[in-house]
Amino acid sequence: MARIVLGVGGGIAAYKAVYLLRTLMAEGHFVTPILTESATKFVGQTTFSALASEPAKVSLFEDADPIPHTHLGRFADLICIAPATADIISKLANGVANDLLSATVMASRAQVVIAPAMHEEMWENFAVQKNVRVLLEAGYIIVPPSHGSLAAGDIGVGRMAEPDVVADFVRCTLASERVDLAGKKVVVSAGGTREAIDPVRFIGNRSSGKQGIAFAKVAACWGAEVVLVTANPSPEFPRVRQVVVTSAAEMSEAMHLERDRADLVVMAAAVSDFRVQTFSSTKIKREGRSRMTLELEANSDILASLAASELGCCLYVGFAAETDALEENLVKKLYSKGVDIIVGNDVTKPGAGFDTDTNSVTVLSKSGDRLTLEEVSKETVAVKVLALAYEMRERS
Ligand code: CTP
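Residues numbered from 1 in each chain as written. Predicted model: local features only at pLDDT ≥ 70, side-chain atom pairs only at ≥ 80, totals over all residues. Heavy atoms only, no water.

Focus: the overall build of the chain
For clarity, the threshold we go by: Starting at the N terminus, helices and strands are each numbered in turn, a helix being any DSSP run of H or I of at least four residues and a strand any DSSP run of E of at least two. Burial here depends on accessible area, computed with a 1.4 Å probe over protein chains only, as a share of the maximum for the residue type. Under 20% is buried, over 50% is exposed, and the range in between is partly exposed. Under the convention used here, a 1.4 Å probe and the Shrake-Rupley method define accessible areas, while residue burial counts only the protein chains that appear. We count Lys and Arg on the positive side and Asp and Glu on the negative side, and we leave His and both chain ends out. To locate a charge, take atom NZ for lysine, CZ for arginine, CG for aspartate or CD for glutamate.
Regarding its fold elements, the chain presents 13 helices and 19 strands. Taking the principal axes of the C-alpha coordinates as reference, the chain spans close to 80 × 50 × 40 Å. Within the chain, the fraction of its 396 residues that count as buried is 52%. Accessible area of the chain: about 18700 Å², with a carbon and sulfur share of 51%. Considering the chain, the positive charge centre built from 40 side chains and the negative charge centre built from 48 side chains are found 3 Å apart.

Here it is as structure tokens:
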């Protein structure tokens, strides 16, 4: 549980802050909303008060407390401002503290997460961009706005990130293991590849892609530019570029291409080890067959070939999906794949493996580190493994 101040600026996206508040409350945080005067023109103070841990506040002078900003600022573990207007961003970048929200931010040492929302022209304006750069340099976390519907029927960049996405940034920022990945490129593979038999059938596996997506999100929230090479497409996420593939061969090509300049590669995909030797361009018919044999040939080991090449000083994280002899297979794969870290899960365990939101894993590193995580969220697995990877880098 964290103590969060939720700042709400005056924009139409203020209605999304209500959903964000509900999510933060549902995650067990103690949330105090602070609305600017103009935010109250879009959504009423009562709405926030009814959902929050304590009544929403608007003014420096409305309570008996003569210095609410210092108390709120000190009490906060994190301040999240969503939506953040051009005006709020400008105040924070320039040290203006003339209302309760800006004064609270200034009176706080807490980490600040900002979700800007404004029209495209405003977002692209040089002054706004200059102020955003100032905030980034000061260590503020910016949740990039997305492209989509804006106020008054306009379409463009500047739409506030969805409440769930802002909540993801808040969670990842609160993680004590957080590493600053600004300027780093992280490439993650996810999902189960499919090998076509004919135009309607394929050989696949039960991977949902959830573990890889969790890695992509955490790395993006920590500031990395992420490429997600995935066989299971997922909703858009800021700073994550998706490359959608189908077969192991396509994944191999994309991974070799995207690995260029990567700082870290996480191979979370369940790659098909074999492909059909001869693809039938027409549907294979049942009639007249009591049995049939498919001839398969081996796919290349993508991870081993990436890790074996001399390019860059990249860290490699591999996965091992096992049904037995986990420990033995993990050690074997750590060395045979040439990776820095191997994450192993027994996919037969309840609450672990395919299509679950949780995972139970054993993590081994080539430097002898060992972690065991039992039925934790896939996001927690990502947080711990990314933190370990960068700790290893620090040590070397
Ligand atoms: N992997 C890969 N290319 C393949 C097969 C697997 O890059 N053709 C990667 C997976 O993404 C994972 C790791 O290698 O990070 C281990 O995958 P796993 O399926 O557990 O093992 P395999 O190497 O396929 O060996 P086996 O199926 O015999 O356990």
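Still to come is the rest of the account.
Looking at the domain arrangement of the chain
Accessible area lost on assembly of the parts is the figure often given for the size of an interface. Threshold: Residue ranges for the domains trace back to a domain assignment, done automatically or taken from a database. Accessible-area loss on putting two parts together, using a 1.4 Å probe and summing over both, is the definition of buried area adopted here. Note on definitions: salt bridges are taken to be side-chain nitrogens of Lys or Arg within 4 Å of carboxyl oxygens of Asp or Glu.
By the assigned domains, the chain splits into domain 1 (3-174) and domain 2 (185-395). Inter-centroid distance (C-alpha atoms) of domain 1 to domain 2 is 36 Å. Summing both partners gives a buried area of about 780 Å² for domain 1 against domain 2, and 64% of it is carried by carbon and sulfur. Here domain 1 is connected to domain 2 by two salt bridges. Close ionic contact of Asp168 with Lys217 constitutes a salt bridge, the shortest N to O distance being 3.6 Å. Looking at the side of domain 1 that touches domain 2, the elements with two or more residues in it are β5 (141-142) and α8 (163-174). The leading source of residues in the side of domain 1 that touches domain 2 is α8, at five residues.

Points about the site of the ligand
Definition in use: One heavy atom within 4 Å of a molecule or strand makes the whole residue count as near it. Whenever two N or O atoms come within 3.5 Å, that pair is a polar contact, provided that in protein one can donate a hydrogen and the other can accept it, and provided that, for residues adjacent in sequence, both atoms are side-chain atoms. Lining residues are those with an atom within 4 Å of a point, where the points come from a 1 Å grid over the protein atoms alone and group into cavities, where a 1.4 Å probe fits but cannot get out, or pockets, open sets with protein on both sides within 12 Å along at least five of seven lines. Whether a molecule lies in a cavity or pocket depends on its atoms, and more than half of them have to be within 2 Å of the grid points.
Neighbouring residues of the ligand: 14 residues in total, closest Met267, Ala269, Leu303, Phe319 and Lys337. The contact in question runs from an oxygen atom of the ligand to an N or O atom on the side chain of Asp273, over 2.9 Å. Here an oxygen atom of the ligand sits 2.8 Å away from a polar atom, N or O, in the side chain of Lys333. For the ligand, whose accessible area on its own is 570 Å², the fraction buried by protein is 76%. Under a 2 Å grid-point criterion requiring more than half of the atoms, the pocket assigned to the ligand is the largest pocket.

Section: the sheet that holds strand β2 (residues 30-35)
Using the following cut-off: At least two bridges found by DSSP between two strands are what make those strands a pair. Note on definitions: a residue-residue contact is assigned when non-hydrogen atoms from the two residues lie within 4.5 Å. To define axes, lines are fitted to C-alpha atoms, for helices over the stretch in contact only, and angles between the resulting N-to-C directions are given on a 0 to 180 degree scale.
The sheet built from five strands is open, its strands ordered β2-β1-β3-β4-β5 with parallel pairing. Strands with a single pairing partner mark the edges of an open sheet, and in this sheet they are β2 and β5. Sheet analysis places strand β4 (residues 111-116) next to β5, joined by two bridges and oriented parallel. Counterpart to Ile114 in the pairing with β5 is Ile142. Seen against the sheet, helix α1 (residues 14-26) touches β1 (3-8), β2 and β3 (78-84) and runs at an angle of roughly 170° to β1. Sheet strands in contact with helix α4 (residues 86-94) are β3 and β4, and its direction is about 140° off that of β3.

Quick look at the sheet that holds strand β13 (residues 264-267)
One open sheet accounts for eight strands, arranged β12-β11-β8-β13-β16-β17-β18-β19; its pairing is mixed. Both edges of this open sheet fall to β12 (240-244) and β19 (370-377), since each of them pairs with a single strand only. Geometrically, the sheet is characterised by an average inter-axis angle of 15° between neighbouring strands, direction not taken into account. Across four bridges, the pairing between β13 and strand β16 (residues 315-322) is parallel. Bridge pairing in β16 links Val265 to Tyr316. Strands β8 (185-190), β13, β16, β17 (341-346), β18 (358-365) and β19 of the sheet are contacted by helix α13 (residues 378-395), whose axis makes an angle of about 155° with β19.

A look at unusual backbone geometry
Each neighbour pair has its own omega, and for Ala82 with Pro83 the value is 0°, a cis peptide bond. Following the sequence through the fold, Pro83 ends up in strand β3. One non-glycine residue with positive phi stands out, namely Ala152, at about 60°. Tracing the chain through its elements places Ala152 in the loop between β6 (146-149) and β7 (155-159).

Considering the packing of aromatic side chains
Test applied: Working definition: a ring pair exists when centres of Phe, Tyr or Trp rings (six-membered ring for Trp) sit within 6.5 Å. Plane angles under 30 degrees give stacked, over 60 give edge-to-face, the rest tilted.
Considering all chains together, one arrives at three aromatic pairs under this definition. Ring centres of Phe30 and Phe75 lie 5.7 Å apart, and the angle between their planes is 75°; this geometry places the pair in the edge-to-face category. Residue Phe30 is found in strand β2, and its partner Phe75 is found in helix α3 (residues 68-75); the two are separated by 45 residues along the sequence. With relative accessibility at 25%, the residue Phe30 sits in the partly exposed group.

Quick look at the pairing of β4
With five of six residues buried, β4 is to be regarded as a mostly interior element. Sheet topology places β3 next to β4; five bridges connect them, and they run parallel. Residue pairing for β4: Leu78 is matched across the bridge by Gln111.

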